[in-house]
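Structure assessment
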Amino acid sequence: MDPSPNILPMEPITPPTPTPSPTHSPPHPPSPVEQDTNFQAELEAAVVYNRETRPLHAYLDGIKVFVQKEYERKIFLRCPPNLLTTSFRLRPTINSDVGKYAMLLLPTFLFRAGQSSSQRNPRSSQRFEPILNHMNFIIWNCRGAQSDDFRRNFRSLLDYNRPSLVVLLETHCQNHQTVKEDFNFTSLIEVAANVQSGGIAILWLSDVLHVEPVATTSQEIHCHIQVITTTAG
């Protein structure tokens, strides 16, 4: 008996075959056309950003509307000394292509006693002399024509638009004669409100327009409007 243990022969060790590393081709530089296109796109974006974020400077001498798009923007307003109050409204726009929000500023001015006629707006005088505003109309859903806010805002609208005809909706008034007299209109067609709902008033200057009523209901007034033409004598 062979006293030596059984030794199995060892298999030869084969070294692993090295895996070739993948070859990385250097990136191709953009062509001149691509470079020009990218540059134009970046330039246009920078111009739009600069235009939409540049601070605005305005003088609050009348009704102002500012449209805000995608970026924040500062607005600097210079106010006249006779500025009394300013109504501020911010609302989403109907047309998204124009902008996301529209800001409306409606100022009310205080006209001091002793101001000359050249310093006052013609509409603020006791007699309004319309000049080239024969077809300048205002239609306003005022939602009440008896408050102090209505009177201030309505005066401001008249001062800076000088309309020859105004349509007030939802006045909540039974009688509009006071509105006609206080704001220097000469003619009136009205529909009384039903308690605190409805109410329509059409106010105009009879020496500028001829208004002929056609039909009137609780919610509508139909009329013909004609500009009075004057001939130089």
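About the criteria used
Residues numbered from 1 in each chain as written. Predicted model: local features only at pLDDT ≥ 70, side-chain atom pairs only at ≥ 80, totals over all residues. Heavy atoms only, no water. pLDDT = per-residue confidence, 0-100. Helix = DSSP H or I, 4+ residues; strand = E, 2+ residues; numbered from the N terminus. Buried < 20%, exposed > 50% of the residue type's maximum accessible area, 1.4 Å probe, protein only. Pairing = 2+ DSSP bridges. Axes fitted to C-alpha atoms, helices over the stretch in contact; angles between N-to-C directions. Contact = heavy atoms within 4.5 Å.

**Points about the confidence of the model for the protein**
Low pLDDT marks stretches whose predicted atomic positions should not be read closely. On average, the protein scores 79 in pLDDT, and the residues at 70 or more come to 77%. Mean pLDDT across the elements of the protein ranges from a minimum in helix α1 (residues 32-53), with 80, to a maximum in strand β9 (residues 200-204), with 95.

**Concerning the pairing of strand β5 (residues 101-109)**
A large share of β5 lies buried, amounting to seven of its nine residues. Here five bridges tie strand β2 (residues 64-68) to β5, and the two strands are oriented antiparallel to one another. By the bridge assignment for β5, F66 is matched with M103. Both strand β4 (residues 83-92) and β5 contribute to a ladder of nine bridges, which runs antiparallel. When the bridges of β5 are listed, T86 appears paired with P107.

**Structural notes on the sheet that holds β4**
Read from one edge of the open sheet, three strands run β2-β5-β4, paired in antiparallel fashion. What marks the edges here is a single partner per strand, and that holds for β2 and β4. Between one strand axis and the next, the sheet turns by 15 degrees as a mean value, whatever way the strands run. Strand contacts of helix α2 (residues 148-161): β4 and β5, with the helix running at about 95 degrees to β5, the strand carrying the most contacts.

**Here's the deal with the sheet that holds strand β6 (residues 137-141)**
Spatial ordering of the open sheet is given by β6-β7-β9-β8, a layout of four strands whose pairing is mixed. Two strands in the sheet have a free side with no partner beyond their single neighbour: β6 and β8 (187-191). Between one strand axis and the next, the sheet turns by 10 degrees as a mean value, whatever way the strands run. Here β8 runs beside β9; their pairing, made up of five bridges, is antiparallel. Of the residues in β9, the one forming a bridge with I189 is I202. On top of the sheet, α2 reaches β6, β7 (165-169) and β9; it is set at about 160 degrees to β6, its chief contact.

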